[in-house]
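Chain residues, written in single-letter form:
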Amino acid sequence: MQSSDKDIIFSKPQSQVKDFCFDAQVVEVFPDMISRSVPGYSTIIDTIGRLSQQYVTDNSHVYDLGCSLGAATLAMRKSISAENCQIIGIDNSAAMVERCQRHIQAFRGKTPVEIIQGDILEQTYSPASMMVLNFTLQFLEPEKRTELLAQIYNALLPGGLLVLSEKITADDQTCNQVITDLHHDFKRANGYSELEIAQKRTALENVMRTDTLATQLDRLQKVGFKHITPWFQCFNFMSLIAIK
Ligand code: GEK
């Protein structure tokens, strides 16, 4: 991923912490922010690339939903060997899309990429062999999440793959505290102060509502996926694969 400025957005005390949004200020520091905040992010991106080599089939579409700066899109474009495919990245943040388009153009690759600004709930999806929701579903209204997964299931070709990565809450309160503390330790070890951790937490409270693994599995089953497994977990961050 491209180099970026250091994330110091929450380093100064704010009299009132506003809800988090993916604006120009966040775009500037996004690669640094996500790599210092999400344990296993680079492993997940690399694995999405590896899975695309295996699952993307000739003459199909590939979607990166909530693509941000296109890290998963680029990992897939590097690895896809199938012919006549198209990768479509969608994000509803104008600032992200503008930066993502410039970033993608800086790299070469045989698979064409289109980056679209829009709400992933309001798209018409073409037949796809692989779709990625890498830490995006958690930003949708909880009651819209099943609707999106149903759209994804319908768009996927038989044998098609969804990668769903999410921050999760553990069912058990004691365990939830343990994994939350471990995540905060991870952030401290990556240079975030107590103030930054606390203010970011407040900023995300209303915009990122996390589910349990049981809820994630239940939704995927409800929309029709038959083959589902978590393949990665570090603290309260995990990634699942679901195959149609
Ligand atoms: C990565 N996947 O680097 N429609 C479209 N985009 C949305 C919507 C929506 N309804 N809601 C949120 N977003 C990326 C990281 S970040 C995760 C994904 C994070 C977008 C939002 O604008 C942001 O760019 C992205 O989803 C979530 O692999 O920052 O924790």
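Not measured: the values here are computed from a predicted model.

Peer 1: Explain the sheet that holds strand 6 (residues 227–234) residue by residue, including any values.
Peer 2: Across the sheet, 7 strands lie side by side as 3-2-1-4-5-7-6; this open sheet has mixed pairing. The sheet terminates laterally at strand 3 (113–117) and strand 6, the two strands that pair on one side only. The sheet shows a mean angle of 15 degrees between the axes of neighbouring strands, direction not considered. Examined bridge by bridge, strand 1 (residues 61–65) and strand 4 (residues 128–134) share 4 bridges and lie parallel to one another. Paired with histidine 61 across the two strands is alanine 128, which belongs to strand 4.

Peer 1: A description of the environment of valine 27 should follow, citing residues and the corresponding values.
Peer 2: Relative to the helices and strands, valine 27 resides in helix 1 (residues 24–37). The spatial distance from the C-alpha of valine 27 to the C-alpha of arginine 99 is 7.6 Å, given a sequence separation of 72 residues. Filtering out sequence-adjacent residues up to four positions away, valine 27 remains in contact with Leu69, Ala95, Met96 and Arg99.

Peer 1: So what about unusual backbone geometry? Which residues, and what values?
Peer 2: In the Ramachandran plot, asparagine 84 falls in the positive-phi region, its phi being about 55 degrees despite a non-glycine side chain. If you trace the backbone, asparagine 84 turns up in the loop between helix 3 (71–79) and strand 2 (86–91). Positioned with a positive phi, phenylalanine 235 is a non-glycine residue whose angle comes to about 55 degrees. Mapped onto the elements, phenylalanine 235 comes out in the loop between strand 6 and strand 7 (237–243).

Peer 1: Quick one: what's the story with the pairing of strand 5 (residues 156–167), residue by residue and with numbers?
Peer 2: The side chains of a regular strand alternate between both faces of the sheet. Taking burial as the measure, the 12 residues of strand 5 include 9 buried ones, the bulk of the element. Where strand 4 lies against strand 5, 6 bridges are found, and the strand directions are parallel. Pairing of methionine 130 across the sheet is with leucine 161, part of strand 5. Tracing the backbone out of strand 4, into helix 5 (residues 145–155) and back to the parallel element strand 5 gives a crossover that is right-handed.

Peer 1: Tell me about the state of the cysteines, and please be specific about residues and values.
Peer 2: The full count for this structure, using the stated rule, is 0 disulfides. Not part of a disulfide, cysteine 21 finds its nearest cysteine sulfur in cysteine 67, a span of 17 Å. Taking the relative accessible area as the measure of exposure, cysteine 21 reaches 41% and is therefore partly exposed. Considering cysteine sulfurs only, cysteine 175 is the nearest to cysteine 234, which forms no disulfide, with 15 Å between them. A residue is classified by how much of its surface remains accessible, and cysteine 234, at 22% relative accessible area, is partly exposed.

Peer 1: Residues and numbers for the pairing of strand 2, please.
Peer 2: Counting buried positions over the 6 residues of strand 2 gives 5, a clear majority of the element. Note: strand 1 against strand 2, 5 bridges, orientation parallel. By the bridge assignment for strand 2, aspartate 64 is matched with glycine 89. Between strand 1 and its parallel partner strand 2, the chain crosses via helix 3, and the hand of that crossover is right-handed. As defined by bridge partners, strand 2 adjoins strand 3 across 5 bridges and the pair is classed as parallel. Paired with glycine 89 across the two strands is isoleucine 115, which belongs to strand 3. Where the polypeptide runs from strand 2 across helix 4 (residues 94–105) and back to strand 3, its parallel neighbour, the crossover connection is right-handed.

Peer 1: How would you summarise the site of the ligand if you had to cite specific residues and measurements?
Peer 2: The environment of the ligand is made up of 20 residues, and the closest members are Tyr41, Gly66, Ser68, Asp91 and Asn134. In the model, a nitrogen atom of the ligand is placed 3.1 Å from a nitrogen or oxygen of the asparagine 92 main chain. In isolation the ligand offers 660 Å² of accessible surface; the protein chains occlude 93% of this area. Of the residues belonging to the shell around the ligand, the class tally is 10 nonpolar, 8 polar and 2 charged.

About the thresholds
- Residues numbered from 1 in each chain as written.
- Predicted model: local features only at pLDDT ≥ 70, side-chain atom pairs only at ≥ 80, totals over all residues.
- Heavy atoms only, no water.
- Pairing = 2+ DSSP bridges.
- Helix = DSSP H or I, 4+ residues; strand = E, 2+ residues; numbered from the N terminus.
- Axes fitted to C-alpha atoms, helices over the stretch in contact; angles between N-to-C directions.
- Contact = heavy atoms within 4.5 Å.
- Buried < 20%, exposed > 50% of the residue type's maximum accessible area, 1.4 Å probe, protein only.
- Right-handed = clockwise from strand over helix to strand, strands pointing away.
- Disulfide = S-S within 2.5 Å.
- Near = heavy atom within 4 Å.
- Polar contact = N/O pair within 3.5 Å; in protein donor to acceptor, adjacent residues only side chain to side chain.
- Areas by Shrake-Rupley, 256 points an atom, 1.4 Å probe, with all protein chains shown as cover.
- Nonpolar A, V, L, I, M, F, W, Y, C, P; charged D, E, K, R; others polar.

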